[in-house]
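Breakdown of the fold
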Amino acid sequence: MKVIYSIIFVSLFWVACTDSKDVENNANKELQDSVQKYLDTYNNTYQKLYYEASKAEWVLNTHIVEGDTTAEYNVKIASKAMADYTGSEENINTSEGFLKVKDKLTPLQVKQLEAIKYGAAGNPATLGKLIDEKIAAEASQTKKLYGYKYKLKGKEISTNDIDKILAGNAKLPQKLDAWNASKEIGKTLKTGIDTLRGLRNKSVMPLGYKNYIDYQISDYGMSDQEMRDLLHKIMNDIWPLYRELHTWTRYELAKKYGEKVPDYLPAHWLPNRWGQEWESIVNVKGFDLDSILGTKSAEWIVKEGEQFYMSLGLPPLPQSFWEKSSLYPAPVGADYMKNNHASAWHMDLDKDVRSLMSVEPDTKWWGTALHELGHIYYYMLYSNPDVPYLLRNGANRAFHEGIGSMLGLAAMQKPFLQDRGLLPKDVQLDEIQLMLKEALEQVVLIPWGAGVMTEFEYSLYAENLPIDQFNSKWWELKKKYQGIVPPTERGEEYCDACTKTHINNDPAQYYDYALSIVTLFQIHDHIAKQILKQDPHNTNYWGSKETGDFLRKILSPGATIDWRKLMKDELGEEISAKAMLEYFAPLY
């Protein structure tokens, strides 16, 4: 890289020795050309390595064979190649060198150089063997997480089946059994998380980050304290509403189960393994999607999702999406297992987009499928020549999640469902009950994401939480932020935090979901009022080309523009819970 530094020196010397504006512009142009050559090379190499790593991870998540270590090995090899390149001393020194003269570069070049530096921080080559250990530990943890066989009363059971028991009308003893079954996996993951915590922290410190959560939050252009302050402000803003929802839920479930009204919610009373969403508690009379969706196929749900996005003027999904995705549960008796957690994958940062789901024809998967396709279409829109591979991301991570969630919300509103034949045209629905159902999905997630998950991982990474306090800290935070307690004493032999996918393989980022909920209501409010001219509670996005044009405008730039500027320019406001609180105002 001596040649590059020589160019920087000559360029700066030339500028310093003359007052001529033309000479300065020429010097800047030469410097920018040099930087661009480096960025072009980096982007092309990065994209190829990213694709190889994605393909290896895809197999590890979609075809898990007990006793077969091939997929795990391939992930290690591909991940190491990616880490060796992104974390190389050459790339660290070059990006930092160019950033020292960033005032002479284009904004797009600066954003790419900052992305290179951020990517290097996760795997700096100066750490050598430690990075290899981190890659191996992450691959091992993923295999344990998705290769685990859940059992209920000695019989193997899927996570889909556990979820159905918790969300259904089973008696409390059956729900307790299912809840306990869902937590056994934590025992197998606890030491792995302790190991990964140390490796992740050590991997980011050489480039100036205090710890791993500080590193992850920096992607927003914020310090960890600034992020925590923002999250606590949002929680404080929604707290009166959450308190009302919590009280209603305690009384409603106590009545349902014939129990005394508790001060805190027992975890197994709730319809979700982690108590993060409670919407299935509310059954709105006349709002019975399962009876209609049950007559459809799982394939119909995904195809109908594609038709929705096409109705907005967006392109059809590529044929490769249908050929390469893993959209449905593994066949009964299959000799392999798969990750049942829904996700969207931008395999090559270009045309190869896929989704990993286990779609069944029911209400849950209707909303989930449209949510995941929202991510897919975001990928497709920013995969354009104006967005370098390095910046083919959301404006921020929460923005990406918010778009998916917003479109999932739109797909559950009455006019939309009537238009699609999923609700009768003459159906009479209790609008307050519908709103309550939405609040138990959206509002309830905020104390969970901004409070429990973020504060646990802050304690884990920033405060080096001892392994013998993992479970006690987890339930301390659950009680403080969610008002949820375990059904029985949970000792340190358990790791109930580890049962959550994101703690293991999407770490120190769960605040994305809390921020995404706030963001989704801000964007939905804009679309409803400014584009559709409809009540935000009763919208129908289907067929609105103007909505599609708006989404294309805000999504196509990817991460090439600052997320705060994007929100200010397109929505006229900073991130705020105001739109969400207005939406749910009739409830409290």
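A brief structural summary. (Residues numbered from 1 in each chain as written. Predicted model: local features only at pLDDT ≥ 70, side-chain atom pairs only at ≥ 80, totals over all residues. Heavy atoms only, no water.)

**Considerations on the overall build of the chain**
Secondary structure summary: the chain contains 25 helices and six strands in total. For the chain, the C-alpha radius of gyration of 25 Å lies close to 25 Å, the compact-globule estimate for 588 residues. Sequence-distant contacts in the chain: of pairs separated by 6 or more residues, those separated by 24 or more amount to 77%. When the accessible area of the chain is evaluated, it comes to approximately 24500 Å², of which 51% is carbon and sulfur surface. A distance of 2 Å separates the average location of the 68 positive side-chain charges in the chain from that of its 80 negative side-chain charges. (Helix = DSSP H or I, 4+ residues; strand = E, 2+ residues; numbered from the N terminus. Rg over C-alpha atoms; globule rule 2.2 N^0.38 Å. Contact = heavy atoms within 4.5 Å. Areas by Shrake-Rupley, 256 points an atom, 1.4 Å probe, with all protein chains shown as cover. Lys, Arg positive; Asp, Glu negative; His and termini not counted. Charge placed at Lys NZ, Arg CZ, Asp CG, Glu CD.)

**Remarks on the pairing of strand β4 (residues 343–346)**
Of the two faces of β4, the one lined by Ser343 and Trp345 and the one lined by Ala344 and His346 are each fully buried. Bridge analysis of β4 against strand β5 (residues 353–356) gives four bridges, and the strand direction is antiparallel. In the sheet register, Ser343 faces β5, and the bridge partner there is Leu356. (Buried < 20%, exposed > 50% of the residue type's maximum accessible area, 1.4 Å probe, protein only. Pairing = 2+ DSSP bridges.)

**Topic: the packing of aromatic side chains**
Inspection of every chain in the model, using the stated rule, returns 34 aromatic pairs. Arranged with centres 5.2 Å apart and planes meeting at 75°, the rings of Tyr209 and Tyr215 form a pair that is edge-to-face. Just as Tyr209 is buried, Tyr215 falls in that class too. Directly above the aromatic system of Tyr212 lies the positively charged group of Arg200, at a separation of 6.0 Å from the ring centroid. If you follow Arg228 out to its NZ or CZ, it ends over the ring of Tyr458, 3.7 Å from the centre. (Phe/Tyr/Trp six-rings, centres within 6.5 Å; stacked < 30°, edge-to-face > 60°. Lys NZ or Arg CZ within 6 Å of the ring centre and 35° of its normal.)

**Section: the pattern of salt bridges**
Evaluation of the coordinates by the stated rule reveals 33 salt bridges. When the shortest N-O distance is used, the salt bridge between Asp352 and Arg354 registers 2.9 Å. Between Lys414 and Glu431 there is a salt bridge whose closest N-O contact spans 4.0 Å. Within this pair, whereas Lys414 is found in helix α17 (residues 414–419), its partner Glu431 is found in helix α18 (residues 431–442), the two being separated by 17 residues in sequence. Using a relative accessible area of 17% as the deciding quantity, one classes Lys414 as buried. Its relative accessible area of 33% is what places Glu431 among the partly exposed residues. (Salt bridge = Lys/Arg side-chain N within 4 Å of Asp/Glu carboxyl O.)

**Description of the state of the cysteines**
Applying the stated criterion across every chain, the model contains one disulfide. Linked covalently through their sulfurs, Cys495 and Cys498 form a disulfide whose S-S length is 2.3 Å. Looking down the S-S bond of the Cys495 and Cys498 bridge, the torsion is 55°, so its handedness is right-handed. Assigned by exposure class, Cys495 and Cys498 land together as buried. (Disulfide = S-S within 2.5 Å.)

**Here's the deal with the packing of helix α11 (residues 224–257) against helix α22 (residues 511–532)**
It is at 11 Å that the axes of α11 and α22 come closest, and there the two elements cross at 50°. It follows that α11 is oblique to α22 by the angle criterion. Between α11 and α22 lies a crossing whose hand is left-handed. Contacts between α11 and α22 involve Met227, Leu230, Leu231 and Ile234 on the former and, on the latter, Tyr511, Leu515 and Val518. Per-class residue counts for the contact of α11 with α22 are seven nonpolar, no polar and no charged. (Axes fitted to C-alpha atoms, helices over the stretch in contact; angles between N-to-C directions. Parallel < 35°, antiparallel > 145°, perpendicular 65-115°, else oblique. Left-handed = near helix turned anticlockwise from the far one by under 90°. Nonpolar A, V, L, I, M, F, W, Y, C, P; charged D, E, K, R; others polar.)

**Notes on the side chain of Asn396**
Locating Asn396 in the fold gives a position in the loop between α15 (363–382) and α16 (397–410). With residues near it in sequence (within four places) discarded, Asn396 still touches Tyr220 and Trp563.

**A look at the nonpolar core**
In this structure, Trp366, Phe399 and Phe584 are the most contacted members of the largest nonpolar core, which totals 153 residues. Excluding residues within four positions of it along the chain, Phe399 makes contact with Tyr378, Thr519, Ile523, Ile554, Leu555, Leu566 and Met567. In terms of nonpolar packing, the next biggest core, distinct from the first, is built from 22 residues, Val35, Phe98, Leu105 and Leu390 among them. (Core = buried A, V, L, I, M, F, W, Y, C linked by side-chain atoms within 4.5 Å.)

**Re the environment of Glu574**
Mapped onto the elements of the fold, Glu574 is located in the loop between α24 (563–571) and α25 (578–583). With a relative accessible area of 58%, Glu574 lands in the exposed category. With 52 residues separating them along the chain, Glu574 and Gln522 place their C-alpha atoms 9.5 Å apart. Filtering out sequence-adjacent residues up to four positions away, Glu574 remains in contact with Gln522, Met567 and Lys568.

**Re helix α9 (residues 185–204)**
For α9, spanning 20 residues, the distance from its first C-alpha to its last is 29 Å, which sits close to the expected 28 Å at 1.5 Å a residue. Most pronounced at Thr191, the bend in α9 amounts to some 30°. (Expected span 1.5 Å × (residues − 1). Bend = angle between axes of the 7 residues up to and from the residue.)

**A closer look at α16**
Taking 1.5 Å of rise per residue, 14 residues should cover 20 Å, and α16 covers 20 Å from first to last C-alpha, within 8% of that figure. Extensive coverage of α16 is indicated by the burial of 14 of its 14 residues. A distance of 3.0 Å separates the backbone nitrogen of Ala398 from a side-chain oxygen at the start of α16, and that oxygen is part of Asn396. (Polar contact = N/O pair within 3.5 Å; in protein donor to acceptor, adjacent residues only side chain to side chain.)

**A look at the pairing of β5**
Remark: a regular strand shows side chains that alternate across the two faces of the sheet. Burial along β5 is two-sided: the face carrying Val353 and Ser355 and the face carrying Arg354 and Leu356 are both buried. A loop of six residues connects β4 with β5, the two strands running antiparallel in sequence, and Leu349 in this loop sits at a positive phi of about 60°.

Remember, this is a structural readout, not a statement about activity or role.
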